[in-house]
Amino acid sequence: MSITIKNESEINKMRIAGKLAAEVLEMIKPFVLPGVTTNELDQICHDYIVSDQQAIPAPLNYRGFPKSICTSVNQTICHGIPSEKRLKKGDIVNIDITVIKDEYHGDTSKMFCVGKTSQHANRLINITQECLFLGIEQVKPGATFGDIGHAIQKHAESNRYSIVREFCGHGIGKKFHEDPHVMHFGKKGEGEVIEAGMIFTIEPMLNIGKRHMKVLKDGWTAVTKDRSLSAQWEHTILVTPEGHEVLTLRQEEK
Ligand code: MF3
Ligand code: CO
Ligand code: CO
């Protein structure tokens, strides 16, 4: 495994890419309403990334992915493909944005509630976001990737949620997915040591039911096998000498 250490000029480009990805999530928020199709959300994000940001939507044609964003509704864990299906009151949807600017990637996702959502959906969404930030809190030089996984696993399981194991966070830079695999479960002190200049995502996926998933015939859409609800949140994180900097932080999180 070779984890790249980014230099100051690469870090500055990653800061810009991260900020742009975060701004797409801020821009799309008022459009996530009952009745909108996920294709419409895809089109709005695509146009904003290409025309306003003069950036590239990384998912489009990535390993054959047909759209510019991922939209994962209810029991979809991740990699949902935008379609003509309309969102309805009570749905929960993850929108995952990855942009390329000046050759570097920024990757982030968040959960949106469509109209009023159930208490059990809200609880899942909140605990999953807490897992992301507990993972982020671990990030500093000298800590290990196992520390991140452990913090996430402990919080998820103590709240009786399961963690999807087939997908993980990842190094990111000139490539969409670089080393290492950032697991959302693990043991303290295990795994590679974290160093300043590393940049990677943390993107836990939690299910109300069992952790098992299947991929639909489209080759992308990952759903919970038991059809239980799933939630995911993602940030791109830079390791600094002092700790970390979240490159994809939104205004609402500052
Ligand atoms: N953005 C996803 C991630 O967090 C990857 C999506 S791959 C795609 O790693 F092809 F579906 F876009
Ligand atoms: Co990612
Ligand atoms: Co992503």
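Here, the structure is the one placed above.
Basis of the calculations
Residues numbered from 1 in each chain as written. Chains lettered and ligands numbered in written order. Predicted model: local features only at pLDDT ≥ 70, side-chain atom pairs only at ≥ 80, totals over all residues. Heavy atoms only, no water. Helix = DSSP H or I, 4+ residues; strand = E, 2+ residues; numbered from the N terminus. Polar contact = N/O pair within 3.5 Å; in protein donor to acceptor, adjacent residues only side chain to side chain. Axes fitted to C-alpha atoms, helices over the stretch in contact; angles between N-to-C directions. Parallel < 35°, antiparallel > 145°, perpendicular 65-115°, else oblique. Left-handed = near helix turned anticlockwise from the far one by under 90°. Contact = heavy atoms within 4.5 Å. Nonpolar A, V, L, I, M, F, W, Y, C, P; charged D, E, K, R; others polar. Donors = N, O, S within 2.8 Å, 3.2 Å for Na, K, Ca; no water. Tetrahedral: all angles 85-135°; square planar, octahedral: opposite > 155°, others 65-115°. Buried < 20%, exposed > 50% of the residue type's maximum accessible area, 1.4 Å probe, protein only. Near = heavy atom within 4 Å. Areas by Shrake-Rupley, 256 points an atom, 1.4 Å probe, with all protein chains shown as cover. Pairing = 2+ DSSP bridges. Patch = residues over 30% accessible without salt bridge, like charges linked within 9 Å, V, L, I, M, F, W, Y side chains within 5 Å. Salt bridge = Lys/Arg side-chain N within 4 Å of Asp/Glu carboxyl O. Lys, Arg positive; Asp, Glu negative; His and termini not counted. Charge placed at Lys NZ, Arg CZ, Asp CG, Glu CD.

Things to note about the side chain of Glu-178
With respect to the helices and strands, Glu-178 occurs in strand E8 (residues 178-182). At 2.9 Å, the side chain of Glu-178 forms a polar contact with the side chain of Lys-6. A polar atom in the side chain of Glu-178 sits 3.4 Å from the backbone nitrogen of Lys-174.

A few points about the packing of helix H3 (residues 119-137) against helix H4 (residues 145-158)
Each pair of packed helices can be described by the angle between their axes along with the distance between the axes. Remark: H3 packs on H4, axes separated minimally by 8 Å, with the N-to-C direction vectors making an angle of 155 degrees. Our classification of the angle between H3 and H4 gives roughly antiparallel. The interaxial crossing formed by H3 with H4 has right-handed handedness. Here Ile-127, Glu-130, Cys-131, Leu-134 and Gly-135 of H3 come into contact with H4, specifically with Ile-148, Ala-151, Ile-152, His-155 and Ala-156. Taken together, the residues of the contact of H3 with H4 break down into seven nonpolar, two polar and one charged.

Focus on the coordination of the cobalt ion (ligand 2)
Around the cobalt ion (ligand 2), the protein contributes the donor atoms Asp-107 (OD), His-170 (NE2), Glu-203 (OE) and Glu-234 (OE), which lie 2.0 to 2.2 Å from the metal centre. For the cobalt ion (ligand 2), the six donor atoms in the first shell make angles of 50 to 160 degrees at the metal, so the coordination geometry reads as irregular. In the primary structure, the donors to the cobalt ion (ligand 2) are separated according to the pattern D-x62-H-x32-E-x30-E. Here the cobalt ion (ligand 3) and the cobalt ion (ligand 2) are spaced 3.3 Å from one another, each receiving a donor from Asp-107.

Let's talk about the coordination of the cobalt ion (ligand 3)
Protein coordination at the cobalt ion (ligand 3) comes from Asp-96 (OD), Asp-96 (OD), Asp-107 (OD) and Glu-234 (OE), with a distance range of 2.1 to 2.3 Å. Between the six donor atoms coordinating the cobalt ion (ligand 3), the angles at the centre fall across 58 to 164 degrees, so the site counts as irregular. Ordering the donors of the cobalt ion (ligand 3) by residue number gives the pattern D-x10-D-x126-E. The class for Asp-107 is buried, based on a relative accessible area of 2%.

Focus: the site of ligand 1
Contacts to ligand 1 come from 14 residues, most closely from Pro-59, His-170, His-177, Glu-203 and Glu-234. A total of 340 Å² of accessible area belongs to ligand 1 in isolation, and the protein chains cover 97% of it. Residue composition of the shell around ligand 1, grouped by class: six nonpolar, four polar and four charged.

Considerations on the sheet that holds strand E11 (residues 213-215)
Read across the open sheet, the three strands follow the order E3-E12-E11; overall the sheet is antiparallel. The sheet terminates laterally at strand E3 (76-78) and E11, the two strands that pair on one side only. Each strand axis lies, on average, 40 degrees off the axis of its neighbour in the sheet, ignoring direction.

Considering a positive patch on the surface
On the surface, Lys-214, Lys-217, Lys-225 and Arg-227 cluster together to form a positively charged patch. Along the chain, Arg-227 falls in the loop between strand E12 (222-224) and strand E13 (230-232). A residue is classified by how much of its surface remains accessible, and Arg-227, at 45% relative accessible area, is partly exposed.

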